[in-house]
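# Structural description and commentary
What follows is the residue order along each chain.
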Amino acid sequence: MSDHVYKMIEVVGTSKKGTDDAIEQAIVKAGESLHNLDWFEVLETHGHIVDGKIAHYQVKVKIGFRLD
């Protein structure tokens, strides 16, 4: 196995559907401009409430990717 060097970024994914979808949105969007994505870690979960119901989910995700 070769040695690798990684970089980490933090992004916030959002969704009206739920936290899993918010995570997916964050990873998909990061993958559009970065490559070699290897792992993610959920750091924070937030939401927006309207009229007593959850209207929007926000999830802060740390994403690690391998540098070339």
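Above this text is the structure in question.
What you see is a predicted model; the values in this text were computed from it and never measured. (Residues numbered from 1 in each chain as written. Predicted model: local features only at pLDDT ≥ 70, side-chain atom pairs only at ≥ 80, totals over all residues. Heavy atoms only, no water.)

## Let's talk about the environment of isoleucine 27
Just so we agree on the cut-off: Here a helix means four or more residues in a row that DSSP labels H or I, a strand means two or more in a row labelled E, and each is numbered from the N terminus. Contacts between residues were defined by any pair of non-hydrogen atoms, one from each residue, lying within 4.5 Å.
Relative to the elements of secondary structure, isoleucine 27 occurs in helix H1 (residues 19-33). A sequence separation of 14 residues divides isoleucine 27 from glycine 13, and the C-alpha atoms of the two residues are 8.0 Å apart. Ignoring anything within four residues of it in the chain, the contact list for isoleucine 27 reads Leu37, Phe40 and Ile63.

## Structural notes on the side chain of serine 15
The test is simple: Here a polar contact is recorded for every N or O atom pair within 3.5 Å, except that within protein the pair must consist of a potential hydrogen donor and a potential acceptor, and residues adjacent in sequence are included only if both atoms are side-chain atoms.
Inspection of the secondary structure assignment puts serine 15 in strand S1 (residues 6-15). In this structure the side chain of serine 15 is engaged in a polar contact, spanning 2.8 Å, whose partner is the backbone nitrogen of lysine 17. At 3.5 Å, the side chain of serine 15 and the backbone nitrogen of glycine 18 are in polar contact. In contact with serine 15, other than residues within four places in its own chain, are Asp21, Ala22, His56 and Tyr57.

## A look at the pattern of salt bridges
The following threshold applies: By definition here, a salt bridge exists when the distance from a side-chain nitrogen of Lys or Arg to a carboxyl oxygen of Asp or Glu is within 4 Å. The buried label applies to any residue whose accessible area, calculated with a 1.4 Å probe on protein chains only, is under 20% of its type's maximum; exposed applies above 50%, and partly exposed to all values in between.
Taken as a whole and judged by the stated rule, the model has four salt bridges. Here lysine 29 makes a salt bridge to glutamate 32, at a shortest N to O gap of 3.2 Å. In this pair, lysine 29 and glutamate 32 both sit in helix H1, three residues apart, roughly one turn of the helix. Here lysine 29 falls in the exposed class, since its relative accessible area comes to 54%. Given a relative accessible area of 57%, glutamate 32 falls into the exposed group.

## Structural notes on the nonpolar core
Going by this rule: We call a set of buried residues a nonpolar core when its members are Ala, Val, Leu, Ile, Met, Phe, Trp, Tyr or Cys and they connect through side-chain atoms within 4.5 Å of each other.
Ala22, Ile23, Ala26, Ala30, Val59, Val61 and Ile63 form the largest nonpolar core, which has seven residues in total. Going through the elements one at a time, H1 and strand S3 (53-66) are the ones with two or more residues in this core. With four residues, the top contributor of residues to this core is H1. Sequence-distant contacts of valine 61, that is, excluding residues within four places in its chain, are made with Ile9, Glu10, Val11, Ile23, Ala26, Phe40, Glu41 and Leu43.

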